[in-house]
Structure formats: structure tokens, C-alpha cells
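Here's the letter readout for the chains.
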Amino acid sequence: MAHVLLILLGGAVILQADLLPDKTFSLLPPVNFTIKVAGLAQVLLRWERNPDQEQMNVQLGYHVKINAPQEDEFETRSTESRHVSVLHQGFSASVRTIPWHNHTLRASSWVSAELKAPPGSPGTSIVNLTCTTNTVATNCTHLQPYQVSLHCTWLVGKDAPEDTQYFLYYRYGSQTEECHEYSQDTLKKKSACWFPRAFIHSKGRDWLAVHVNGSSKHTAIKPFDQLFALHAIDQVNPPVNVTARIEGTRLSIRWEKPVSAFPAHCFDYEVKIYNTRKGYFQTANMTTSEFTSTIRDISKYSIQVRAAVRSVCRAAGLWSEWSQPIDVGNDEPKPWTEWFLVVLMTSVCIVFILSLICRRCHLWTKFFPPVPAPKSSIKDFVVTVNYEKSGSGETEIEVISYVEEPGLEVLEDLVF
């Protein structure tokens, strides 16, 4: 019985060992690896699994490496991949087979493919390509209340013939559009392009691909590609409806969010206050749409506000232009006649109020008591003379009276 059990156990171990992959076995590289242009600044990488690869109990994947124009690498289980890249310098990539989970197996060797650079004479392509986007409000539909415009400028290549004309295209997502509104330089060459309404999502995160080629009767013009991140070229609108007022020593400023598809909480703001009399600036940053400051002198103030999309809603980008300045306050001093009238009226009011208080509370007698007269033994001297005549004789009586007020000495009547 024991021999039977050992035989069965040995068979199970042998069967399990047969199911395991051979650690020394190398995977075979993919076949039919190709690179094709799939759009402006976009390529399609495609390959197939090696048909000679043995069926193994292992999931396979692929390691893709971009060699040019800019190195990059990633892993995928699919047999094709789209990649965004500039193509005017050519494109090359490599791919190999890898075990998706079991890393004990060795990866296959690399296979490579290349996309040649497009033809064109050196120095004939444009230089200094710059593009900006801007959002404007539209009343077309409630589903799309905003539209995005695109404006691009460039300089003519230093070796481009005089008859060279350039043509601009852009791609965003699956939409591709050719420019129809060009501006020309002094030599009548196209140097700028304007899309009043582009197929660009104002809150999108895809790359914007711009392609410019050219034509000339004398030589082939080399094309040029460039990729733009929307957050880096989006020209945010300044805040609207900026108002300011002064109440005593308090300066209050308010505004509304810019015209944008982003909601109000997605903006940072910067306020600039210019004191025109003293000639200095004060700046402040905030996330709300109002600002209050304390002022300590009489002056005229010039107020401006600008905005930027916050990093919580999109990668940090450009600040908007400053809003149109608004003035508040007055920096003209009052004339001396006005100051004189103000001081005079104030003084009259103070004197009147003090006189009423003094009269009501008898403060004059308290502050300025009467001075007593000097004390004397003879006061209010009154002389009364009566003359009486009788018969043949004449008698003269003189009465002198002295009257003294209460509290003073009293002198009784004296008769002489």
C-alpha cells in the first residue's frame, strides 16, 4: 500500500513540474512591427505575436520604447499603441515580448522600426511658433455656452525663398482643421493665423498639435510640428464688473469671475492698488472675489484685478491681463477758504454748546465768583435836611442817617 502511495505522489509531482515554464526558455520577439502616421503629430505602432512562440501557461505583454525624437517607454498587453509626438525630425521605436506576471522568464530581444523625417531644405521651416487660446461667451446653446479661439504666430525661416508661403493646421483629439484667416508680414508672407472658433475643449487636458508646412517654386519647404499643453497657452480673461468704494478709512473692492468654462471656485486672484498721490503699489492675493483694505490718507486710488486658474482644477498656467483700471477717492486738497469755513463753523458750534452747558449748570458763578467790596463803617450815606421855621424864631434840625446792609455795622441815627 505504501508503494502505491509513493508512486501516485511521484506522478503528481512530475505532472506539476511539466506545467511550470522552463526558466531558461527565452520568449520570442514580436513580428511585423510597423510605424504609420495616424494624424498630425500622431503615430500608430502595431506588431504581432510571434507565430513560433510556444503555447505556455504564461500571460505575455510587450515593452515599448520610444527612441526618437524624445525617449519614452511603457508596457502594454495590446499589440498596437497610439503615440503623440512631433514628426518633422522623424520617429523611431522598439518593442519586445515580456512575461506579464512571471518575471522569472527572460524578455525577448528588441525589434525596431523607423519613420523617416519628411523632405525639405534645411532652414526653410518656420521658427518661433507660439500659440494662445482664449475663451469667449456665446449664446448659441446652453450645452456649449463658451467657445475657444486659437491664435498662432511664427517667423519665416532664415533660408526660405522669397516666394515661400506657409499653411497651418491644428489637431485636438480627433478634430483637425486648416487655417483660413492669415495675417502677413511686411514682405507679404503669412506670419500669423486666427481661428475664431476652434474645436478645442476649454477644460480639456489633451495635447494641442500644430503643424505648419510650406510651398515654394524654388525648393521644398521643410514642415514643422509642435505640441502645446492647453494650460500653458490658455490666456485667461480678466475678472469682470470690478467695483470699488471708500467708506471712511475702509476701501472695499469686489468683482466677478472671468468669462470661462471653469466655475468660480477654480480661480486665484491678485489685486493691485495704486496710490496716485504717493506713487506706490499695494498687491494682495486671494481666492475670493472681494477684498477690503484700510487706508490712512486722503488720495485717489487706481484699482486693477487679474485671475488665474487654480491648480486644484487644472495644472498651473498663465495669469490673465489686468482688468481696466478704475479710480476711487480724491487726491485734490481742499482750498484754504473751505478749510477756514469748516474751522469757523466748528468753533461757533463749540462755543454755543459750551454756553448752553454753562448757563444750565450755573458754571459761570462757580468758575468766576463775584469779588466782595471793601468793608467800611460808613455806607450808603444819606443826608436828609429838614428845615422848620416857627414864629419869630428859627430852629434848624439836621438829621443824618446811616444805613448798613445786613452783615455790616449799623450806625444809629445821630442828631446834631
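Heads up: the structure comes first, above all this text.
Residues numbered from 1 in each chain as written. Predicted model: local features only at pLDDT ≥ 70, side-chain atom pairs only at ≥ 80, totals over all residues. Heavy atoms only, no water.

### Section: empty space enclosed by the protein
Next up, step 1: Under the defined criterion, the tally for this structure stands at 3 cavities of 30 Å³ or more.
Next up, step 2: Lining the largest cavity we find T135, S202, D234, Q235, V236, N237, V259, S260, A261 and F262.
Next up, step 3: The residue makeup of the lining of the largest cavity, split by class, is 4 nonpolar, 5 polar and 1 charged.
Next up, step 4: In terms of lining residues, the second largest cavity is bounded by T133, T135, V148, I200, H201, S202, L230, D234 and R314.
Next up, step 5: Looking at the lining of the second largest cavity residue by residue, the classes come out as 3 nonpolar, 4 polar and 2 charged. (1 Å grid on protein atoms, 1.4 Å probe; cavity = no way out; pocket = protein on both sides within 12 Å on 5 of 7 lines; lining within 4 Å. Points joined across faces, edges and corners; volume = space filled by probe spheres on them. Nonpolar A, V, L, I, M, F, W, Y, C, P; charged D, E, K, R; others polar.)

### Some thoughts on the nonpolar core
Next up, step 1: One finds L129, L150, L168, Y170, I200, L208 and V210 to be the most contacted residues of the largest nonpolar core, which totals 25 residues.
Next up, step 2: When contributions to this core are tallied by element, the ones reaching two or more residues are β8 (127-137), β9 (146-155), β10 (165-172), β13 (190-198), β14 (207-215), β15 (224-229) and α2 (230-233).
Next up, step 3: Among all residues touching I200, those that are not within four sequence positions of it are T133, V148, L150, Y170, Y172, L208 and L230. (Core = buried A, V, L, I, M, F, W, Y, C linked by side-chain atoms within 4.5 Å. Buried < 20%, exposed > 50% of the residue type's maximum accessible area, 1.4 Å probe, protein only. Helix = DSSP H or I, 4+ residues; strand = E, 2+ residues; numbered from the N terminus. Contact = heavy atoms within 4.5 Å.)

### A few points about the packing of aromatic side chains
Next up, step 1: If you walk through the whole model with that rule in mind, you get 6 aromatic pairs.
Next up, step 2: Geometrically, the ring pair formed by Y170 and F195 is edge-to-face, given 4.9 Å between the ring centres and 80° between the ring planes. With a gap of 25 residues between them, Y170 in strand β10 and F195 in strand β13 connect regions that are remote in the sequence. With respect to class, Y170 is no different from F195; both count as buried.
Next up, step 3: Each member of the aromatic cluster is reached from another via a ring pair, and the members are F33, W47 and Y62. (Phe/Tyr/Trp six-rings, centres within 6.5 Å; stacked < 30°, edge-to-face > 60°.)

### Overview of the environment of S215
Next up, step 1: Residue placement: S215 occurs in strand β14.
Next up, step 2: Taking relative accessible area as the criterion, S215 reaches 36% and is therefore assigned partly exposed.
Next up, step 3: Separated by 91 residues in sequence, S215 and T124 have C-alpha atoms that sit 9.8 Å apart.
Next up, step 4: In this view, S215 contacts D163, T164, Q165, F167 and I221; residues no more than four positions away in its chain are not counted.

### Details of a nonpolar patch on the surface
Next up, step 1: Taken together, the side chains of I350, F352, I353, L354, L356 and I357 make up a nonpolar region of the molecular surface, amounting to roughly 590 Å² of accessible area.
Next up, step 2: If you trace the backbone, L356 turns up in helix α3 (residues 336-361).
Next up, step 3: A relative accessible area of 46% means that L356 is categorised as partly exposed. (Patch = residues over 30% accessible without salt bridge, like charges linked within 9 Å, V, L, I, M, F, W, Y side chains within 5 Å. Areas by Shrake-Rupley, 256 points an atom, 1.4 Å probe, with all protein chains shown as cover. Salt bridge = Lys/Arg side-chain N within 4 Å of Asp/Glu carboxyl O.)

### Focus on the layout of surface pockets
Next up, step 1: Approximately 340 Å³ is the volume found for the largest pocket.
Next up, step 2: Lining the largest pocket are 13 residues, with Q144, Y146, Q147, I200 and H201 positioned closest to its centre.
Next up, step 3: Secondary-structure elements contributing two or more residues to the lining of the largest pocket are β9 and β13.
Next up, step 4: Of the residues assigned to the lining of the largest pocket, the class counts are 8 nonpolar, 4 polar and 1 charged.
Next up, step 5: For the second largest pocket, the calculated volume is near 220 Å³.

### Observations concerning the pattern of salt bridges
Between side chains of opposite charge, a pair can form when the charged atoms approach closely.
Next up, step 1: A complete count under the given rule lists 8 salt bridges for this structure.
Next up, step 2: Salt-bridge contacts for R306 lead to E270; the nearest nitrogen and oxygen are separated by 2.8 Å. Here R306, found in strand β21 (residues 300-309), pairs with E270, found in strand β18 (residues 267-275); they are 36 residues apart in sequence, far enough to count as distant.

### Notes on the state of the cysteines
Next up, step 1: Taken as a whole and assessed by the stated rule, the structure comprises 3 disulfides.
Next up, step 2: Between C179 and C193 runs a disulfide, and the two sulfur atoms are separated by 1.9 Å. Note on the C179 and C193 pair: the S-S dihedral is about 120°, so by sign convention the disulfide is right-handed. Here the residue C179 occupies a position in the loop between β11 (175-178) and β12 (182-184), and C193 occupies one in strand β13, the gap between them amounting to 14 residues. Grouping residues by exposure puts C179 and C193 together as buried.
Next up, step 3: With its sulfur 2.0 Å from that of its partner, C266 forms a disulfide with C313. An S-S torsion of about -80° defines the bridge between C266 and C313 as left-handed. Of this pair, C266 sits in the loop between β17 (250-256) and β18 while C313 sits in the loop between β21 and β22 (326-329), and the two are 47 residues apart along the sequence. The two residues C266 and C313 agree in class, both being buried.
Next up, step 4: Each bonded cysteine in the protein gets a number by its place in the sequence, and the pairs come out as 1-2, 3-4, 5-6. (Disulfide = S-S within 2.5 Å.)

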